[in-house]
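Reading the structure
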Amino acid sequence: MADSAQVAKAEAFRALHDGPEPLVLVNASDASIARIVVEAGYPAIATSSAGIAWLMGYADGENIPREEMLWMVRRIAERVDVPVTADMEAGYGTEPKAVADTVRATVEAGAVGLNIEDGTIRSSEPLLDFDLAVARIAAGREAADETGVPAVLNARCDVFLRGGTGPEALAEAIRRCNAFREAGADCLFVPFARDAETIGALVEGIDGPVNILAGAVSPPIPELKRLGVARVSIGGLLSLAYATLARDAAAELADGGAYGFARGVILHPEMNALMAGA
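A brief report on the enclosed structure follows.

Rules behind the numbers
Residues numbered from 1 in each chain as written. Predicted model: local features only at pLDDT ≥ 70, side-chain atom pairs only at ≥ 80, totals over all residues. Heavy atoms only, no water. Patch = residues over 30% accessible without salt bridge, like charges linked within 9 Å, V, L, I, M, F, W, Y side chains within 5 Å. Areas by Shrake-Rupley, 256 points an atom, 1.4 Å probe, with all protein chains shown as cover. Salt bridge = Lys/Arg side-chain N within 4 Å of Asp/Glu carboxyl O. Helix = DSSP H or I, 4+ residues; strand = E, 2+ residues; numbered from the N terminus. Buried < 20%, exposed > 50% of the residue type's maximum accessible area, 1.4 Å probe, protein only. Contact = heavy atoms within 4.5 Å. Axes fitted to C-alpha atoms, helices over the stretch in contact; angles between N-to-C directions. Left-handed = near helix turned anticlockwise from the far one by under 90°. Core = buried A, V, L, I, M, F, W, Y, C linked by side-chain atoms within 4.5 Å. Pairing = 2+ DSSP bridges. Disulfide = S-S within 2.5 Å.

Here's the deal with a nonpolar patch on the surface
A cluster of nonpolar side chains, contributed by Trp54, Leu237 and Leu240, occupies part of the molecular surface with about 270 Å² of accessible area. As for its position among the elements, Trp54 is in helix α3 (residues 49–55). Given a relative accessible area of 37%, Trp54 falls into the partly exposed group.

Here it is in structure tokens:
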């Protein structure tokens, strides 16, 4: 029987996709960042698969073993009181059974939502076969339902991320996302759709809530709201931001021994109190 608290979190997370404002998710790579994001008032946490991989010493792209990814998902879920949705890459296996296994394991780790993508790392076949990609989402939906937790399945379409451009790429993204929706996806994620015209066309063409990956060149959130976007996430950007800080701090120390990077940082007692209150 599903844990009642986890079911309640799943229902709350599901409802956030239907609110008057876009659901903004600041992707975290560890429990400390998750705690900071929750303290800032965000109603849910998304994990960053890239951020977790980098934190654990792996390159992004399913190089981190599923068990290590799940270890961090569990740790984050244990240390925050809000819903957690996990980026589980391509499901750690090509076949639908692998996706189903990953969905069950992710819910067992305490998450109430997860991403599954249809991209590959093969240049000759950047996207999974259409029918296989749809079957994987259907298997994930069935597995999620079997847990008794109404987990939010966020199906990611990598047409643009894998280099697709123009009207053909847009049409394929819409085709895949609508098929994923029919197979049981709750939200449709199309990263690297960056301009307002493309994002608006996706929202108009996709029969379900649309998740956009925001970055430095993306329309601001008020504009995404106007376009009808339901969910906004930032992927590995926060992880890259603090990796950049670490790189710049190391360079500053090496070049003259100054400590400018230490100005304005969270102080040790404040950080300790934040973690102790988790």
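Digging into the pattern of salt bridges
For the structure on display, the rule yields 17 salt bridges. For Arg141, the salt bridge identified is with Asp145, shortest N-O distance 3.2 Å. Residue Arg141 and its partner Asp145 are located together in helix α6 (residues 130–147), separated by four residues, close to a single helical turn. One salt bridge connects Asp158 with Arg162, and the closest N-O pair in it is separated by 3.7 Å. Each member of the salt-bridge network shares a partner with another, and the members are Arg14, Arg141, Asp145 and Asp186.

Considerations on helix α2 (residues 31–39)
An α-helix turns once per 3.6 residues; consequently, residues spaced three or four apart project the same way. Where α2 is concerned, the buried positions are Ala31, Ile33, Ala34, Arg35, Val37 and Val38. Here the buried face of α2 lies against β2 (45–46), α4 (66–79), α10 (237–254) and α11 (268–276). At the C-terminal side of α2, Gly41 shows a positive phi close to 105°.

Examining the packing of helix α7 (residues 166–182) against helix α8 (residues 196–205)
At a closest axis distance of 10 Å, the pairing of α7 and α8 adopts a crossing angle of 35°. Crossing angle aside, the handedness with which α7 passes α8 is right-handed. Taking contact as the criterion, the partners of Leu170, Ala173, Ile174 and Asn178 in α7 are, on α8, Thr198, Ala201, Leu202 and Gly205.

Focus: the environment of Leu253
Examined against the element boundaries, Leu253 turns out to sit in helix α10. For Leu253, the contacting residues outside a window of four places in its chain are Ala258, Tyr259 and Phe261.

Considering the nonpolar core
Formed by 78 residues in total, the largest nonpolar core has its most connected members in Ile45, Met88 and Phe180. The element that contributes the greatest number of residues to this core is α6, accounting for seven residues. Sequence-distant contacts of Phe180, that is, excluding residues within four places in its chain, are made with Asp118, Ala133, Val134, Ile137, Ala155, Arg156, Cys157, Ala185 and Leu188.

Re the sheet that holds β2
With respect to topology, eight strands assemble into an open sheet ordered β1-β8-β7-β6-β5-β4-β3-β2, the strand pairing being parallel. Each edge of the open sheet carries a strand with a single partner, namely β1 (23–25) and β2. Alignment of strand β6 (residues 187–189) against strand β7 (residues 210–213), held across two bridges, turns out to be parallel. By the bridge assignment, Leu188 is partnered in β7 with Val210. Strand contacts of helix α1 (residues 4–16): β1, β3 (84–87), β4 (113–117), β5 (152–156) and β8 (231–233), with the helix running at about 115° to β1, the strand carrying the most contacts.

Quick word on the state of the cysteines
Enumeration over the complete set of coordinates arrives at zero disulfides. Free of any disulfide, Cys157 has its nearest cysteine sulfur in Cys177, 4.7 Å distant. The exposure class of Cys157 is buried, given its relative accessible area of 0%. The structure places no disulfide on Cys187, whose sulfur is separated from the nearest cysteine sulfur, that of Cys177, by 9.3 Å.

What to know about the side chain of Ser239
Within the secondary structure, Ser239 is located in helix α10. The buried category is assigned to Ser239, whose relative accessible area is 4%. Those residues in contact with Ser239, other than ones at most four positions away along the chain, are Ser29, Gly51 and Trp54.

Limitation: the analysis is restricted to geometry and does not speak to function.
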